[in-house]
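Below are the chains, spelled out letter by letter.
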Amino acid sequence: MTSSMRTVLADVGRIGPFFAVGTDPAETADPTWRPLRELAAGPGEPGALADRVAHVRRVLAEQAGCPVEERVAASIALQGLAARLVSAPLAAVALHGVLPDLGRDALHWRVSLTGPWPLWADPDRPARDPAGLPALVAEEIAEPLVAAVRALVPVSGRVLWGNVASSVAGAKRVLGTERPAAAVRAAEVAAAVLDHPLLAGAGERRPPGPPDHGWTFRRRSCCLYYRLPGGGTCGDCVLSGRAGS
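To start, this report covers the structure provided alongside it. All figures in this text were calculated on a predicted structure; none of them were measured in a lab.

### Focus: helix H4 (residues 70–96)
Part 1 of the argument: Between its first and last C-alpha, H4 extends 40 Å over 27 residues, near the 39 Å set by a 1.5 Å rise per residue.
Part 2 of the argument: Of all the bends in H4, the largest measures some 25 degrees and sits at Val86, one to four residues before the proline Pro89.
Part 3 of the argument: For H4, a buried count of 21 out of 27 residues is recorded, marking the element as mostly surrounded by other parts of the structure.
Part 4 of the argument: Two residues or fewer past H4, Gly97 is found with a positive phi of approximately 65 degrees.

### Thoughts on the pattern of salt bridges
Part 1 of the argument: This model, assessed by the stated rule, comprises 16 salt bridges.
Part 2 of the argument: Between Arg37 and Asp105 there is a salt bridge, with its nearest N and O atoms 2.6 Å apart. In this pair, Arg37 is assigned in helix H2 (residues 36–41) and Asp105 in the loop between H4 and strand S2 (107–109), connecting sequence segments 68 residues apart.
Part 3 of the argument: Given the relative accessible area of 37%, Arg37 is considered partly exposed.
Part 4 of the argument: For Asp105, a relative accessible area of 44% translates into the label partly exposed.
Part 5 of the argument: Of the charged contacts, one joins Arg206 and Glu204 as a salt bridge, the two residues approaching to 3.0 Å between their closest N and O atoms.
Part 6 of the argument: By relative accessible area, Glu204 is classed as partly exposed at 33%.
Part 7 of the argument: Within this structure, Asp101, Arg125, Arg128 and Glu140 form a network of salt bridges that share partners.

### Considering the sheet that holds strand S3 (residues 119–121)
Part 1 of the argument: The strand order S1-S2-S3 describes an open sheet built from 3 strands, whose pairing is antiparallel. Taken across any chain shown, the strands that pair with only one partner, and hence form the sheet edges, are strand S1 (34–35) and S3.
Part 2 of the argument: When S2 meets S3, the two strands line up antiparallel, connected through 3 bridges. Bridge assignment links Leu107 to a residue of S3, and that residue is Ala121.

### Section: the packing of helix H5 (residues 133–152) against helix H6 (residues 157–178)
Axis angle and axis distance: for two packed helices, these are the angle between their axes and the distance between the axes, and together they describe the pair.
Part 1 of the argument: Running from N to C, H5 and H6 point in directions that differ by 140 degrees, and their axes come no closer than 10 Å. For H5 against H6, the interelement crossing comes out right-handed. Across the interface between the two elements, Val137, Ala138, Ala142, Glu143, Val146, Val149 and Arg150 from H5 touch Gly157, Leu160, Trp161, Val164 and Val168 from H6.
Part 2 of the argument: In terms of residue class, the contact of H5 with H6 is made up of 9 nonpolar, 1 polar and 2 charged.

### Things to note about helix H7 (residues 183–194)
Part 1 of the argument: Taking 1.5 Å per residue as the helical rise, H7 with its 12 residues ought to reach 16 Å, and the 16 Å between its terminal C-alpha atoms agrees with that figure.
Part 2 of the argument: On the buried face of H7, the contacting elements are H4, H5, H6, strand S4 (203–206) and strand S5 (216–219).

### Thoughts on unusual backbone geometry
What is expected of a backbone is that most residues other than glycine have negative phi and most peptide bonds are trans.
Part 1 of the argument: Pro211 follows Pro210 through a cis peptide bond whose omega is 5 degrees.
Part 2 of the argument: Relative to the elements of secondary structure, Pro211 occurs in the loop between S4 and S5.
Part 3 of the argument: Its identity as a non-glycine residue notwithstanding, Leu224 has a phi of 80 degrees, on the positive side.
Part 4 of the argument: On the accessibility criterion, Leu224 (8% relative accessible area) is buried.

Definitions and limits used
- Residues numbered from 1 in each chain as written.
- Predicted model: local features only at pLDDT ≥ 70, side-chain atom pairs only at ≥ 80, totals over all residues.
- Heavy atoms only, no water.
- Helix = DSSP H or I, 4+ residues; strand = E, 2+ residues; numbered from the N terminus.
- Expected span 1.5 Å × (residues − 1).
- Bend = angle between axes of the 7 residues up to and from the residue.
- Buried < 20%, exposed > 50% of the residue type's maximum accessible area, 1.4 Å probe, protein only.
- Salt bridge = Lys/Arg side-chain N within 4 Å of Asp/Glu carboxyl O.
- Pairing = 2+ DSSP bridges.
- Axes fitted to C-alpha atoms, helices over the stretch in contact; angles between N-to-C directions.
- Left-handed = near helix turned anticlockwise from the far one by under 90°.
- Contact = heavy atoms within 4.5 Å.
- Nonpolar A, V, L, I, M, F, W, Y, C, P; charged D, E, K, R; others polar.

In structure tokens:
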């Protein structure tokens, strides 16, 4: 099972940096890796998530040349984390029919100030039932992070859940582009995740437009990026196409 997990995640990681999860057993002894549960729970590492939001706020302010609202930074930070955390399990199920244990105890993160946080998973954990992917994404990964971000910054839960749903749809789009043979299966797997009760109200699936396969996602909220000077809206934003958006 260990070699299978490493093989699956190595293949998934070749899709792109947001899909990469390390499994080198030598990393087990490295104390800089922290379990996902500590990031979301707060008592273990209460400063890590706040530091990430502050870092994103500084970077956005430098890019915009003006101060940035904390709630905007919190939303963008959560979206980046969600994209990192949901992409690999979704791709593993779509490509290999295998769900590595990437839950709150098995998945680890390490702080990076130069880009997305690296992820590492314990290679000795047995695989999970692939049917449990929606619950893994919505209940184990997203729900604690959404709660943790909202405990730090007064930002709408609707916005944050929209970010998670958008990340799922984004991972599906990238997977379908990079692995066209798996595009149909990726759409099926991502749809099952978006049908989870915690995510079902975040948006709707519409007839596909390039580069999407199967369906195109339209969220019912906005990540707030438009509030940055020149920010504009994302393609799946509820504000996209509106006058003045």
